[in-house]
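Per-entry structural report
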Amino acid sequence: MLTLHSFQKSYGDRPILTIPDWQLPPGIHWLKGPNGAGKTTLFRSIAGLLPHEGTSQLNGLDSRRDAVAYRLRINYAEAEPTFPPLLTAHEIIRWVADAKQAPARQADELIATFDIASYMHTPVSTYSSGMLKKTSLIVAFLGKPDLILLDEPLVTLDVTATQTVARLIESTHRQSVSFLLSSHQAMETAQLPIDSVWEIWGGRLSSLSA
Ligand SMILES: Nc1ncnc2c1ncn2[C@@H]1O[C@H](COP(=O)(O)OP(=O)(O)OP(=O)(O)O)[C@@H](O)[C@H]1O
């Protein structure tokens, strides 16, 4: 479903990642790698937010040739989300729901799932890191994506919210949505069924699955 071909990413003249060919099948996948390995760089490249060499295709849609359709099918939550400080979570969620052509009531259901109603009308500049994280996770589930990229989704979340994310990933996956997650924490914490494990090391991507 996600296919990278002749992928290369450098910052200036410093090469970060080289991936000759990669096919990521449908499922829930875990991307590992030490600090600075290139996980965020890969996520941002796949999400269409960073220029790179080579191609990225999602179910036949090319990130450059079919840029709008591709971006409607791929969602991304950053490890350390930032938003315009004066906007409220409610404004951000409504805006993204509209841009992502989200089904009616989807935003309201996610707001209830993450229990953010009590503060969603105050500016995000007043939020704790966990409140920001919940807002970014809600945004990442909006629309009708085929693939959701979650960079460190469990960081700063309390035990209840960690379980909420895990159950939401499972139920969303049952609706044929795939996930690529990075986490320095063991995924066992969230008791998530993982289909494959990948590692970035020395600028290369390799499978750690059997
Ligand atoms: N905008 C940038 N300009 C130059 N170098 C960058 C930039 N962003 C990241 N890098 C470098 O690219 C490498 C990969 O960074 P990246 O953030 O992708 O790693 P990561 O695997 O997500 O790390 P972590 O686990 O610490 O979040 C690092 O050496 C980093 O210094």
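See the structure printed just above.
A brief look at the structure comes next. (Residues numbered from 1 in each chain as written. Predicted model: local features only at pLDDT ≥ 70, side-chain atom pairs only at ≥ 80, totals over all residues. Heavy atoms only, no water.)

Quick look at the pattern of salt bridges
As a reminder, the rule being used: By convention in these notes, a salt bridge is any Lys or Arg side-chain nitrogen within 4 Å of a carboxyl oxygen on Asp or Glu.
Inspection of the entire model under this criterion finds five salt bridges. For D66, the salt bridge is made with R65, and the minimal N-O distance between the two is 3.3 Å.

Some words on helix 6 (residues 159-173)
Note on helix geometry: an α-helix contains 3.6 residues per turn, so any two residues three or four positions apart are oriented the same way. Put simply, the rule reads: Going along the chain from the N terminus, every DSSP run of H or I of four or more residues is numbered as a helix, and every run of E of two or more is numbered as a strand. A helix is expected to span 1.5 Å for every residue after the first. Note on exposure labels: buried denotes an accessible area under 20% of the residue type's maximum, exposed denotes more than 50%, and partly exposed covers the range between, all computed with a 1.4 Å probe on protein chains only. Polar contact is defined as a pair of N or O atoms within 3.5 Å, subject to the rule that within protein one atom must be able to donate a hydrogen and the other to accept it, and that residues adjacent in sequence are counted only when both atoms are side-chain atoms.
Here helix 6 is 15 residues long and its end C-alpha atoms lie 21 Å apart, about the 21 Å a rise of 1.5 Å per residue gives. By the burial criterion, the buried members of helix 6 are A161, T162, T164, V165, A166, L168, I169 and T172. Looking at where helix 6 begins, the residue whose side-chain oxygen comes 3.2 Å from the main-chain nitrogen of T160 is D158.

Regarding the site of the ligand
Using the following cut-off: Whether a residue is near a molecule or strand is decided by its heavy atoms; if any one of them lies within 4 Å of it, the residue is near. Surface accessibility in these figures is a Shrake-Rupley result with a 1.4 Å probe; residues are shielded only by whichever protein chains are displayed. For this scheme, ten residues count as nonpolar: Ala, Val, Leu, Ile, Met, Phe, Trp, Tyr, Cys and Pro. Four count as charged, namely Asp, Glu, Lys and Arg, and the remainder, Gly too, count as polar.
Inspection of the region around the ligand gives Y11, R14, I16, P34, N35, G36, A37, G38, K39, T40, T41 and H184 as its neighbouring residues. For the ligand, the protein covers 59% of the area, taking 640 Å² as the surface of the free molecule. Mapped by element, the contributors of at least two residues to the shell around the ligand are strand 2 (14-24) and helix 1 (39-46). It is helix 1 that contributes the most residues to the shell around the ligand, three residues altogether. Along the lines of polarity and charge, the residues of the shell around the ligand split into four nonpolar, six polar and two charged.

Overview of the sheet that holds strand 9 (residues 196-201)
Which entries qualify depends on this criterion: When DSSP locates at least two bridges between a pair of strands, those strands are taken to pair. Each axis is a line fitted through C-alpha atoms, and for a helix only the stretch in contact is used; angles between axes span 0 to 180 degrees, taken between their N-to-C directions. By definition, residues are in contact when any of their heavy atoms lie within 4.5 Å.
Reading across from one edge, 6-7-8-3-9-10 is the order of the six strands in this open sheet, with mixed pairing throughout. Looking at which strands have only one partner, the edges of the open sheet turn out to be strand 6 (74-77) and strand 10 (204-207). Neighbouring strand axes in the sheet, compared pairwise and without regard to direction, differ in orientation by 20 degrees on average. Sheet analysis places strand 3 (residues 28-32) next to strand 9, joined by four bridges and oriented parallel. For L31, the partnering residue across the bridge sits in strand 9 and is W198. Together, strand 6, strand 7 (147-151) and strand 8 (178-182) form the strand contacts of helix 5 (residues 129-141), whose direction differs from that of strand 6 by roughly 175 degrees.

Examining the packing of aromatic side chains
For the record, the criterion: Aromatic rings from Phe, Tyr and Trp, taking only the six-membered ring of Trp, are treated as a pair when their centres fall within 6.5 Å; an angle between ring planes under 30 degrees marks them as stacked, one over 60 as edge-to-face, and anything in between as tilted. Criterion for a charge above a ring: Arg CZ or Lys NZ at most 6 Å from the ring centre, at most 35 degrees from the ring normal.
Summed over the entire model, instances satisfying the criterion amount to four aromatic pairs. The interplanar angle of 45 degrees and the centroid separation of 5.8 Å between the aromatic rings of F141 and F179 together place this pair among those described as tilted. With F141 in helix 5 and F179 in strand 8, this residue pair connects regions lying 38 residues apart in the sequence. Since its relative accessible area comes to 0%, F179 is described here as buried. The ring of W30 carries K32 above its face, with NZ or CZ at 4.6 Å from the centroid.

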